[in-house]
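Survey of secondary and tertiary structure
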Amino acid sequence: MENTNLLIKAEHVSTKVLRDISFEVHKGEIITLIGSSGAGKSSLLMLLNRLNDPEEGRILYRGKDVKEYDITSLRKSVGMVFQSSSLFDGTVEDNLKYGPELFGEWEEQMGVRLLKNVQLPEEYLTRDVEDLSGGEKQRVALARTLANKPDILLLDEVTSALDLKNVEMIEEFLLGLVPDKVHAVVMVTHDVAQAKRLGDMTVYMEEGTIVESGKSEDLFNNPQTESLQYFLKE
């Protein structure tokens, strides 16, 4: 019988950076990826919506190989937000409407609703993105990705350059997303405390491999490997 809660399954995936990665994303989960710089966290994330492809193994999304999907539709369903907000020139509304207009889904009041989600006022719609603070840009980037009504949200160090107030705001926002607005979040973070706060499940990576994974509470309270024990003490 098909497991309807299984959203993504990576089977023995290898690239130039990653080695024999097997990994699952289930409905209702926030999964945090932790590990030192260069461990392969972002490389794994980028495979999930085909920003890169594996050299060996395969990745399934809802039971079908990701290579069988139209790539634009896949990235609509498996949306990604990067460390730098990657907004393009123009107004906030120009950025928010870009994805929905591609699919003929933009509606007049969508912009107001999307900004409300990320605690920005309606008048920001006409603001030039160059006039926004770093935290505001990142919140607009999140709203822009949510405008596509993604199934899964991939986040690559989205709070690492932000002040504490914006970090808290975005964390609160993310905790309210799953599973009603998006079905799952996969989040790369360099901040172990953040992984503890947000992650239902945590994956610890080292040198392109998954060393340890499991429920976050168990992983942090009772690490099974010496390398994770050492990492958590740093």
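Position numbers for residues count from 1 along each chain, tracking the sequence in the order it is written. Given that this is a predicted model, residues contribute local features only at a pLDDT of at least 70 and side-chain atom pairs are listed and counted only at 80 or more, while totals for whole chains, interfaces and linings are drawn from all residues. For the side-chain quantities, the full set of heavy atoms in the structure was used; hydrogens and water were omitted.

**Let's talk about a negative patch on the surface**
- A contiguous patch of negative charge, built from D89, D94, D128, E130 and D131, is present on the exposed surface.
- The numbering of helices and of strands both runs from the N terminus, where a helix is a DSSP run of H or I of at least 4 residues and a strand a run of E of at least 2. Summarising the element assignment, D131 is placed in the loop between helix 4 (110–117) and helix 5 (134–146). Only residues whose relative accessible area exceeds 30% and that take part in no salt bridge are eligible for patches, with like-charged residues grouped when within 9 Å of each other and nonpolar side chains (Val, Leu, Ile, Met, Phe, Trp, Tyr) grouped when within 5 Å. To be clear on the numbers: accessible area is Shrake-Rupley with a 1.4 Å probe, and residue cover counts the displayed protein chains and nothing else. Think of a salt bridge as a Lys or Arg side-chain nitrogen and an Asp or Glu carboxyl oxygen that are within 4 Å of each other. Positive charges come from Lys and Arg alone, negative charges from Asp and Glu alone, with His and the N- and C-terminal ends not counted. A charged residue contributes its charge at one atom only: NZ of Lys, CZ of Arg, CG of Asp or CD of Glu.

**So, the layout of surface pockets**
- Roughly 540 Å³ of internal volume is contained in the largest pocket.
- Here a cavity is any set of points on a 1 Å grid over the protein atoms alone where a 1.4 Å probe fits but cannot get out, and a pocket is any open set with protein on both sides within 12 Å along at least 5 of 7 lines; a residue lines the site when it has an atom within 4 Å of a point. The wall of the largest pocket is formed by 25 residues, among which R75, M80, R144, T145 and N148 lie closest to the centre.
- Of all the elements in the fold, those that place two or more residues in the lining of the largest pocket are helix 2 (71–77), strand 6 (78–81), helix 3 (92–102) and helix 5.
- The leading source of residues in the lining of the largest pocket is helix 3, at six residues.
- Lining the second largest pocket we find M110, R113, L114, N117, L146, A147, K149, P150, K181 and V182.
- Of the residues forming the lining of the second largest pocket, the biggest block, four residues, is contributed by helix 4.
- Looking at the lining of the second largest pocket residue by residue, the classes come out as six nonpolar, one polar and three charged. Grid points are joined across faces, edges and corners, and a volume is the space filled by probe spheres set on the points. When residue character is reported, Ala, Val, Leu, Ile, Met, Phe, Trp, Tyr, Cys and Pro are called nonpolar, Asp, Glu, Lys and Arg charged, and the others, Gly included, polar.

Remember, this is a structural readout, not a statement about activity or role.
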